[in-house]
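Architecture and fold: a report
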There are 2 protein chains.
Amino acid sequence: MSQRNTRVTVQVVNADACPVREVLDRVSGKWSVQILVAAAHGPIRFTELERSIEGISRRMLTLTLRNLERDGLITRTVHPTVPPKVEYELTPVARELHETLQRLTNWAERNRVYIAESRAAYDEEHRPDGAGADA
Amino acid sequence: MSQRNTRVTVQVVNADACPVREVLDRVSGKWSVQILVAAAHGPIRFTELERSIEGISRRMLTLTLRNLERDGLITRTVHPTVPPKVEYELTPVARELHETLQRLTNWAERNRVYIAESRAAYDEEHRPDGAGADA
DNA sequence: CGGCATCCCGCTAGATACTG
DNA sequence: CAGTATCTAGCGGGATGCCG
């Protein structure tokens, strides 16, 4: 019992060293991914983004855009015309991310029904009404 | 059919039309992914999870576990022994998700430096000190 | 057109304490 | 060992208003 402790396999998933958290932090915002998706088709203007993403506010659009720009995921191009025109475009790095994101989307679509049913079953089973077994 | 005017004024589209949000909601929690990763190696006990995920609280571990179980992503097996023993394991669906997640992780690892540099450059450029060009 | 500032609220998650 | 309950802070993000 001197040197051999019982914890054999417990590999620490340290948050600091965990790239999973890295990417999640990049994507965790409510609107980040939708912006990436909306901008994936090519350069897009501020107002176009605003209109294509239902429910987003100017504020959140700006903030999220700034963050994505800061992370080098989108470029911001200002055209100094009289009606201001600003175009946003994905960087190559963001395009790679977008491809990966699409795999996630595919997963979601494939298993959407399964998840919904799981939820329903779980909720049913945990009803306060006491429908634990069956009726 | 005549009075189909159910005022579903909810402009939010319920995430039904947006699979991106679907998967993000599933993964958005601060600890969800790390739990999935930690449990990916095989059945794992509550305390093992708690120790392998640095910084997680009992509360959040339980809550996140419950949500993952509810979504059908993990199974919870209670062994009615005298010291209680509960094992958690990924469902097949979650294993698929985990694979996809690993692609995300790969992306993060590949571009971690790029992102860090982008951030540094952005922060430098937007310093209140006015170091816009160069020194 | 594009964007920033302010106020405000709800949700997430941390700390702490108790239980079967 | 494996949870549950409460209380609270912090932050994301919605609403609104003003500016280049």
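Residues numbered from 1 in each chain as written. Chains lettered and ligands numbered in written order. Predicted model: local features only at pLDDT ≥ 70, side-chain atom pairs only at ≥ 80, totals over all residues. Heavy atoms only, no water.

Time to look at the confidence of the model for chain A. Per-residue confidence for chain A gives a mean pLDDT of 85, with 81% of residues at or over 70. Contacts for the low-pLDDT stretch residues 1-15 of chain A, under 50 throughout, to residues beyond four places or in other chains number 17 contacts. (pLDDT = per-residue confidence, 0-100. Contact = heavy atoms within 4.5 Å.)

To continue, consider the protein's contact with DNA strand D. Around DNA strand D sit 18 residues in total, of which A:Arg59, B:Thr47, B:Thr62, B:Arg76 and B:Tyr88 are the nearest. In DNA strand D, atoms within 4 Å of the protein come from the sugar-phosphate backbone in 62% of cases. Within the contact set of DNA strand D, a sugar or linking oxygen lies 3.0 Å away from a side-chain nitrogen or oxygen of B:Arg45. Contact distances for DNA strand D include 3.1 Å between a phosphate oxygen and a backbone N or O atom of B:Val86. Put simply, the parts of the chain that give the surface near DNA strand D at least two residues each are helix H4 (58-70) of chain A together with helix H3 (46-52), helix H4 (58-70) and strand E3 (85-90) of chain B. (Near = heavy atom within 4 Å. Polar contact = N/O pair within 3.5 Å; in protein donor to acceptor, adjacent residues only side chain to side chain. Helix = DSSP H or I, 4+ residues; strand = E, 2+ residues; numbered from the N terminus.)

Attention now goes to the sheet that holds strand E2 (residues 74-79) of chain A. All names here are of chain A. If you walk across this open sheet you meet the three strands as E1-E3-E2, and the pairing is antiparallel. The open sheet has two edge strands, strand E1 (44-45) and E2, and neither has a second partner. Pairing of E1 with strand E3 (residues 85-90), which is carried by two bridges, proceeds in the antiparallel orientation. Residue pairing across strands places Ile44 opposite Tyr88, the latter belonging to E3. The strands that H4 touches are E2 and E3; relative to E2, the one it contacts most, it runs at about 115 degrees. (Pairing = 2+ DSSP bridges. Axes fitted to C-alpha atoms, helices over the stretch in contact; angles between N-to-C directions.)

Between chain A and chain B, the residue contacts involve 49 residues of the former and 48 residues of the latter. Summed over both partners, the interface of chain A with chain B comes to about 4800 Å²; 63% of that surface belongs to carbon and sulfur atoms. By the criterion of area lost to chain B, the three top residues of chain A are A:Arg70, A:Leu104 and A:Trp107, representing 15% of everything that side buries. At the surface where chain A touches chain B, the tally comes to seven salt bridges. Secondary structure elements with two or more residues in the side of chain A that touches chain B: helix H1 (19-27), helix H2 (32-39), H4 and helix H5 (92-125) of chain A. Among the elements that make up the side of chain A that touches chain B, the one with the highest residue count is H5(A) (20 residues). Partitioned by chemical class, the residues of the side of chain A that touches chain B number 23 nonpolar, nine polar and 17 charged. (Buried area = accessible area lost by both parts, 1.4 Å probe. Salt bridge = Lys/Arg side-chain N within 4 Å of Asp/Glu carboxyl O. Nonpolar A, V, L, I, M, F, W, Y, C, P; charged D, E, K, R; others polar.)

Before going further, it helps to examine the protein's contact with DNA strand C. For DNA strand C, the set of nearby residues contains 18 residues, the closest of which are A:Phe46, A:Thr47, A:Thr62, A:Arg76 and B:Arg59. At the protein interface, 67% of the atoms of DNA strand C within 4 Å belong to sugar or phosphate. One of the side-chain nitrogen or oxygen atoms of A:Arg45 is found 3.0 Å away from a phosphate oxygen of DNA strand C. Contacts to DNA strand C include A:Arg66, whose side-chain N or O atom sits 3.3 Å from a phosphate oxygen. Looking at the surface near DNA strand C, the elements that each hand over two or more residues are helix H3 (46-52), H4 and E3 of chain A together with H4 of chain B. Per element, the largest residue contribution to the surface near DNA strand C is four residues, and it comes from H4(A). When grouped by side-chain class, the residues that make up the surface near DNA strand C number seven nonpolar, three polar and eight charged.

Right, let's get into the pairing of E2(A). Inspection of the sheet shows E2(A) paired to E3(A) by six bridges, in the antiparallel sense. Its bridge partner lying in E3(A), A:Val78 is registered against A:Val86.

Inspection of the entire model under this criterion finds 17 salt bridges over all chains. Linking A:Glu22 and B:Arg112 is a salt bridge whose minimum nitrogen-to-oxygen distance equals 4.0 Å. Here A:Glu22 is found in helix H1, whereas its partner B:Arg112 is found in helix H5 (residues 92-125) on a different chain. Of the residues examined, A:Glu22 reaches a relative accessible area of 25% and is grouped as partly exposed. Shared partners join several salt bridges into a network, and the residues in it are A:Glu22, A:Arg26, A:Asp71, B:Arg112 and B:Arg119. (Buried < 20%, exposed > 50% of the residue type's maximum accessible area, 1.4 Å probe, protein only.)

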